[in-house]
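Close look at the chain arrangement
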Amino acid sequence: MPAPRERLAVRLTVNGGPVERVVEARRSLADFLREDLGLTGTHVGCEHGVCGACTVLVDGRSVRSCLLFAAQLEGASVTTIEGLTPAEGLSTLQEAFRACHAMQCGFCTPGMIVTTTELLADQSAPSTEEIREAISGNLCMCTGYVNIVRAVEQAAAGRAAASGASA
Amino acid sequence: MKPAPFRYARAGSLAEATALLAAGHGETKLLAGGQSLVPMLNMRLVRPAVLVDLNGVRELEGIEPTPDGGLQIGALTRHAALAASPAVRERAPLLAAAARHVGHAAIRNQGTLGGSVAHADPAAELPAALVALDAQLRATGPRGTRVIPASEFFRGLLTTALEADEILTGAHVPAQEPGWGFVEIARRPGDFALAGVAAVVCSASDSPSRVEHARLVGFGIGDRPLRLTGAERLLAGAALDAQTAARAGAAAGPDCDPPDDVHGSADYRRHLATVLTERALLQALPRLPRRR
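Parameters and conventions
Residues numbered from 1 in each chain as written. Chains lettered and ligands numbered in written order. Predicted model: local features only at pLDDT ≥ 70, side-chain atom pairs only at ≥ 80, totals over all residues. Helix = DSSP H or I, 4+ residues; strand = E, 2+ residues; numbered from the N terminus. Rg over C-alpha atoms; globule rule 2.2 N^0.38 Å. Contact = placed C-beta atoms within 7 Å. Domains from an automatic or database assignment. Nonpolar A, V, L, I, M, F, W, Y, C, P; charged D, E, K, R; others polar. Buried ≥ 20, exposed ≤ 12 C-beta atoms within 10 Å, placed from the backbone. Pairing = 2+ DSSP bridges. Axes fitted to C-alpha atoms, helices over the stretch in contact; angles between N-to-C directions. Parallel < 35°, antiparallel > 145°, perpendicular 65-115°, else oblique. Core = buried A, V, L, I, M, F, W, Y, C linked by C-beta atoms within 7 Å. Left-handed = near helix turned anticlockwise from the far one by under 90°.

1. Looking at the overall build of chain B
Looking only at helices and strands, one finds 12 helices and 14 strands in chain B. The globule rule puts the C-alpha radius of gyration for 292 residues at 19 Å, and the 19 Å found for chain B is close to it. Expressed as lengths along the three principal axes of its C-alpha atoms, the size of chain B is roughly 60 × 45 × 30 Å. Sequence separation of at least 24 residues holds for 64% of the intrachain contacts in chain B that already meet a minimum separation of 6.

See the structure below:
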């Protein structure tokens, strides 16, 4: 039986690379990414699962990184906004956000990109209503939702055109 | 907002989890999806000495069809898995519909059936669905395993029939009647419901339009999922049509004991319960078999 411990070693994959650290049991994944690994693209807003700014992918599925402890992620694969950004330039979705000016202060943007990355992986052509529902757990305090929805629609259309052209 | 320090252990089996919980002398909390517990830890509303992580306990996983036409569902089943499962959609479509209403995608990816049930928020969808479906909950502790009907499990605000040393391991959901409805009103998608109603309608075998019995459960309208017994009595033996649905809705009001808070007044929630009861029955109506 494992003894309960206040500090634990954890080995996981972050943005494709192996990471091994000793963490305090209460260290959230969000703080682990930002403070221990320097990946400050993941933003911390409410710290109780309401705002969506800290959304990351764990094993390909979106999660609130403020509601997971780093110690829970032994063997997991975490992808942050840094991992969704190509080495050169921007992803199709990021380009669409830029083209549509789908941000004002930018605080919610990483969470929005991670959440809609999962949406577009599940559904190639979501309706406006489906996009709105998908981002309903990500608060934009500038209330810039209209352009965010437009950007996701544009990215979906761009992908459809690209796959049509290559077919 | 950071949790107070705690010690953490990842249980590898149900036996380990039970032993760790028993060793904690009431200072231990079980961690499943963490979508309710971790916010409470972060806000320091709870300060356990030890967290026992259940996420590695295989015995708590899985959705299995049972010979009676129902389902055995492990407590660690994520809401997203419940909503997407073909077996759940076929055998208990009300439960799949309820799961789609829980939180946002990121919450549904992580939150669990057992966590939602053990947390017992009175506005939560899955507890109400399990009461409407007459599910049997299974719990394991140092004195063995016992079965608790969902209808007796919820005792009040965030309070259940579980003993401090017991672990909720899963639910048996019997085969669902074809007539069902599930509706809720929330300010935004993903919010806890201001009010909601889960309905299961069983029609008479000789006369499909006549209701033999109905199970109607409201959530967000009391300190636990509440059976709307006035409406259920009105429906028993009646022919279900739009007028009956409206009369059943009116009969639901007196069974509510809604909270009065910043999100909605008690009167407003009682009004919602009557409207939502009617709407849930109107959803059930076209799903009733025409002939048996």
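Now, onward.
2. A few points about the domain arrangement of chain B
All names here are of chain B. Split into domains, chain B comes out as domain 1 (7-53), domain 2 (58-173) and domain 3 (179-287). The straight-line distance from the C-alpha centre of domain 1 to that of domain 2 is 19 Å. Facing the 13 residues of domain 1 at the interface are 21 residues of domain 2. The dominant element in the side of domain 1 that touches domain 2, judged by the number of residues it contributes, is helix α1 (residues 14-23), at five residues.

3. Overview of the domain arrangement of chain A
A common way to state how big an interface is: give the accessible area lost once the parts meet. All names here are of chain A. Assigned domains of chain A: these are domain 1 (7-84) and domain 2 (92-166). Just the C-alpha atoms count here: the centres of domain 1 and domain 2 sit 22 Å apart. Secondary structure elements with two or more residues in the side of domain 1 that touches domain 2: β3 (55-58), β4 (61-64) and α2 (81-84). Its residues assigned to classes, the side of domain 1 that touches domain 2 shows seven nonpolar, six polar and one charged.

4. A word on the pairing of β3 of chain A
Residue and element names in this part refer to chain A. Along β3, one buried face is formed by Thr55 and Leu57 and the opposite face, lined by Val56 and Val58, is buried too. Both β3 and β4 contribute to a ladder of four bridges, which runs antiparallel. Across the sheet, the residue bridging to Thr55 is Arg64, located in β4. Here β3 folds back onto β4, and the loop between the two strands holds two residues, one of which, Asp59, carries a positive phi near 50°.

5. So, the packing of helix α5 (residues 93-100) of chain B against helix α8 (residues 125-132) of chain B
Residues and elements named next belong to chain B. Where α5 meets α8, the closest approach of the two axes is 9 Å, and the angle between their N-to-C directions is 170°. Classified by the angle between their axes, α5 and α8 sit roughly antiparallel to one another. Every residue of α8 that contacts α5 at Leu94, Leu95, Ala98 and Ala99 is listed here: Glu125, Leu126, Ala129 and Ala132.

6. Here's the deal with the nonpolar core
In this structure, Val52, Leu94, Leu95, Ala198 and Ala199 of chain B are the most contacted members of the largest nonpolar core, which totals 141 residues. Each residue touching Ala199 of chain B, except ones within four places of it in the same chain, is listed here: Ala132, Trp180, Gly181, Ala214, Leu216, Ala280, Leu281 and Ala284 of chain B.

7. Quick notes on the sheet that holds strand β12 (residues 195-203) of chain B
What holds strands together in a sheet is hydrogen bonding between their backbones, with the strands either parallel or antiparallel. Residue and element names in this part refer to chain B. Across the sheet, four strands lie side by side as β11-β12-β13-β14; this open sheet has antiparallel pairing. The open sheet is flanked by β11 (179-185) and β14 (226-227), the only strands paired with a single partner. Relative to β14, strand β13 (residues 211-219) is paired through two bridges, and the arrangement is antiparallel. Bridging from a neighbouring strand, Val217 pairs with Arg227 of β14. Of the strands in this sheet, β11 and β12 touch α5, which is tilted by about 15° from β11.

8. Topic: the packing of helix α11 (residues 242-252) of chain B against helix α12 (residues 266-284) of chain B
Residues and elements named next belong to chain B. As a packed pair, α11 and α12 sit with axes 7 Å apart at the nearest point and diverge in direction by 145°. Every pair of crossing elements has a handedness; the one defined by α11 and α12 is right-handed. Where α11 abuts α12, its residues Ala242, Ala245, Ala246, Ala248, Gly249, Ala250 and Ala252 lie against Ala273, Thr274, Val275, Thr277, Glu278, Leu281 and Leu282. Each residue belonging to the contact of α11 with α12 can be placed in one class, and the counts come to 10 nonpolar, three polar and one charged.

9. Things to note about the sheet that holds strand β5 (residues 71-74) of chain B
Residue and element names in this part refer to chain B. Strand order in the open sheet formed by five strands is β4-β5-β10-β6-β7, and the pairing between neighbours is antiparallel. Single-partner strands in this sheet number two, and they are β4 (63-65) and β7 (144-149). Mean inter-strand twist for the sheet, computed between neighbouring axes without regard to direction, equals 20°. With six bridges joining them, strand β6 (residues 136-141) and β7 adopt antiparallel strand pairing. If you follow Gln136 over to β7, its bridge partner there is Pro149.

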